[in-house]
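# An overview of the molecular structure
Chain by chain, the residues:
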Amino acid sequence: MNTPPVKSTPFNFPHMTGKELAYIAEAQLNGQLAGDGPFTKRCHEWLKDNSGCVQALLTHSCTAALEMTALLLDIRAGDEIIMPSYTFVSTANAFVLRGAVPVFVDIREDTLNLDEEKVEAAITSRTRAIVAVHYAGVACNMDRLLMIARIHGLFVVEDAAQGMMARYCGRPLGSIGDLGTLSFHETKNIVSGEGGALLVNDSKLVQRAEIIREKGTDRSRFFRGQVDKYTWQDVGSSFLPGELIAAFLWAQLEEARNITDKRLAIWQRYHAMLEPLEAAGILRRPIVPADCTHNGHLYYVLLPTARARLTTLNKFKRHSIGAVFHYVPLHSSPAGIRYGRCHGSLETTNLQSDRLVRLPLFIGLTDERQEQIVNLLATTSHAT
Ligand SMILES: *Cc1c(COP(=O)(O)O)cnc(C)c1O
């Protein structure tokens, strides 16, 4: 089994359940290495059963799943897509590839998610979709976003890359909007190295999703015996992973509850230990609204200033601890300026992203290491 390094504390260390290699061997013996074999089918069924989506489709990555959403929703040049600036580049890139314009709206001070109260004012006649990014596995206010989308005839895409096993009002993230995307990248909770899934929640979109994923052909229907030959039907690309990846992922999905519970325990321990530091005004802890059940994806703290963050990060570095900042907001990045536009002030985005630090969180992080991290926070921020 893999174990984290002894001398340093990494930010992340991928957890293996122990069955990954056995399933990969099984996939090899099955003699089918291309996609959509027995392991892929098991993963699809699991994702469907555990999310309530109409259809789940494995992809190479969450990035690939987001690109599929843009194709599936027929996003065209000049279309506008509302999203936070405080997100990963793929949220925007997927739509920019189709010539669309990301419209950046500010985030909420508490969850760092899209501020649903600022979305409506950003809608124009060109707006096609809202992308809800569930930061840290804590859900956006989906009820409000869905209502706004319904009134204005917009699609809702959930970027649930960080949202695996998390819920909003009891509903799994990724299964609430028209489409949802998951990531199984090494840095996420459930991993396959690179990997992702598209969750289709509108039955009208299922058939075309399968076609787009299979190079624009109806090969999926052919394999089910629904057509006697497969042909080029639509635009598409190769978005499906091979069976080796699906076999690895299957070992992780089987343990998804267990993995999530272990991460939640580490998250809770940080949260309890940091309470006095919050009370002393040294930092702010994450806020999880009552209707959100998160998944322990990441633990962050907000320091009083950008300067306090720099001091803290330097101190962590000297102790070989992998505490890290997070997104450089897209509206302040070279490509974000070129391809996107801001709606209103992004004051909260700027403020929060400048003072956020993510703490190491992985299965195998010891109590001692956690205490060391909390002690460093207690002693560093005072000094700034
Ligand atoms: C990780 C992440 C992605 C990209 O996921 P990949 O599987 O690496 O493509 C997209 N959006 C968000 C919010 C992410 O955290």
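Computed from a predicted structure; not experimentally measured.

### Concerning the site of the ligand
Near the ligand, the surroundings consist of 13 residues, among which Thr-63, Asp-159, Gln-162, Ser-183 and Lys-188 are the closest. The separation between an oxygen atom of the ligand and a polar main-chain atom of Cys-62 is 2.8 Å. Contact distances for the ligand include 2.8 Å between an oxygen atom and a side-chain N or O atom of Gln-162. About the coverage of the ligand: the protein hides 93% of its 380 Å² of free accessible area. Considering only residue class, the shell around the ligand consists of 5 nonpolar, 6 polar and 2 charged.

### Side note on the packing of aromatic side chains
Within this structure, the stated rule accounts for 10 aromatic pairs. The structure contains a cluster of three or more aromatic residues connected by ring pairs, namely Tyr-86, Tyr-135, Tyr-300 and Tyr-327. It is Arg-42 that lies over the ring of Phe-39; its NZ or CZ is 4.7 Å from the centre.

### Section: the sheet that holds strand S10 (residues 292–293)
Taken together, the 3 strands give an open sheet; going across it, the order is S7-S6-S10, and neighbouring strands pair in antiparallel fashion. The outermost strands of the open sheet, each flanked by one partner alone, are strand S7 (171–172) and S10. Of the pairings in the sheet, the one linking strand S6 (residues 167–168) to S10 comprises 2 bridges and is antiparallel in character. Bridging across to S10, Tyr-168 finds its partner in Cys-292.

### Topic: the sheet that holds strand S8 (residues 179–183)
Strands pair in a sheet through their backbones, by hydrogen bonds, and they do so in one of two ways: parallel or antiparallel. Taken in spatial order, the 8 strands make up an open sheet running S1-S9-S8-S5-S4-S2-S3-S12, and their pairing is mixed. Looking at the sheet topology across the chains shown, the edges are occupied by strand S1 (55–59) and strand S12 (341–342). Packed on one face of the sheet, helix H3 (residues 62–72) meets S1, strand S5 (155–159), S8 and strand S9 (196–200) and runs near 165° to S8.

### Points about the environment of His-343
Position of His-343 among the secondary structure elements: in the loop between S12 and helix H13 (347–354). Classification of His-343 by relative accessible area gives partly exposed; the value is 24%. For the pair His-343 and Val-105, spaced 238 residues apart in the sequence, the C-alpha separation amounts to 5.4 Å. Contacts of His-343, omitting those with residues within four sequence positions, involve Val-103, Phe-104, Val-105, Lys-118, Ala-121 and Ala-122.

### What to know about the pattern of salt bridges
Here the structure, examined in full by the defined rule, presents 23 salt bridges. The salt bridge involving Arg-128 is made with Asp-79; its shortest N-O contact spans 3.0 Å. Taken together, the residues Arg-128 in strand S4 (residues 127–133) and Asp-79 in the loop between H3 and strand S2 (80–84) connect sequence positions 49 residues apart. On the basis of relative accessibility, which here comes to 23%, the residue Arg-128 falls in the partly exposed class. When its relative accessible area of 12% is taken as the criterion, Asp-79 is described as buried. Its salt-bridge partner being Arg-341, residue Glu-80 comes within 3.0 Å of it at the nearest N-O pair. Taken together, the residues span a long stretch of sequence, with Glu-80 in strand S2 and Arg-341 in strand S12 at a distance of 261 residues. For Glu-80, a relative accessible area of 8% translates into the label buried. What you see here is one network of salt bridges that share partners, running through Asp-74, Arg-76, Arg-208 and Asp-234.

### Digging into the domain arrangement of the protein
The domain boundaries assigned to the protein delineate domain 1 (20–253) and domain 2 (256–383). The C-alpha centroid of domain 2 is placed 26 Å from the C-alpha centroid of domain 1. Between domain 1 and domain 2, the contact holds 45 residues from the first and 39 residues from the second. For the domain 1 and domain 2 pair, buried surface summed over both sides reaches about 3500 Å², with 59% attributable to carbon and sulfur atoms. Area buried by domain 1 at its contact with domain 2 is led by Tyr-86, Phe-104 and Asn-189, which between them contribute 19% of it.

### Here we look at the packing of helix H1 (residues 20–30) against helix H2 (residues 38–51)
Two elements in contact, H1 and H2, have axes separated by 10 Å at closest approach and are oriented at 125°. Relative to H2, H1 is oriented oblique. Residues Tyr-23, Glu-26, Ala-27 and Asn-30 of H1 form the contact with H2, whose participating residues are Pro-38, Phe-39 and Arg-42. Here the residues of the contact of H1 with H2 sort into 4 nonpolar, 1 polar and 2 charged.

### With respect to the UniProt feature "active site" (unreviewed entry) in the protein
With numbering matched to this structure, UniProt assigns "active site" (unreviewed entry) to Lys-188. As for its position among the elements, Lys-188 is in the loop between S8 and S9. You can call Lys-188 buried: its relative accessible area is 17%. Beyond its immediate sequence surroundings of up to four residues, Lys-188 is in contact with Ala-161, Gln-162, Ser-183 and His-297.

Rules used in this analysis
Residues numbered from 1 in each chain as written. Predicted model: local features only at pLDDT ≥ 70, side-chain atom pairs only at ≥ 80, totals over all residues. Heavy atoms only, no water. Near = heavy atom within 4 Å. Polar contact = N/O pair within 3.5 Å; in protein donor to acceptor, adjacent residues only side chain to side chain. Areas by Shrake-Rupley, 256 points an atom, 1.4 Å probe, with all protein chains shown as cover. Nonpolar A, V, L, I, M, F, W, Y, C, P; charged D, E, K, R; others polar. Phe/Tyr/Trp six-rings, centres within 6.5 Å; stacked < 30°, edge-to-face > 60°. Lys NZ or Arg CZ within 6 Å of the ring centre and 35° of its normal. Pairing = 2+ DSSP bridges. Helix = DSSP H or I, 4+ residues; strand = E, 2+ residues; numbered from the N terminus. Contact = heavy atoms within 4.5 Å. Axes fitted to C-alpha atoms, helices over the stretch in contact; angles between N-to-C directions. Buried < 20%, exposed > 50% of the residue type's maximum accessible area, 1.4 Å probe, protein only. Salt bridge = Lys/Arg side-chain N within 4 Å of Asp/Glu carboxyl O. Domains from an automatic or database assignment. Buried area = accessible area lost by both parts, 1.4 Å probe. Parallel < 35°, antiparallel > 145°, perpendicular 65-115°, else oblique. UniProt positions renumbered as here; feature names shortened; annotations may be inferred.

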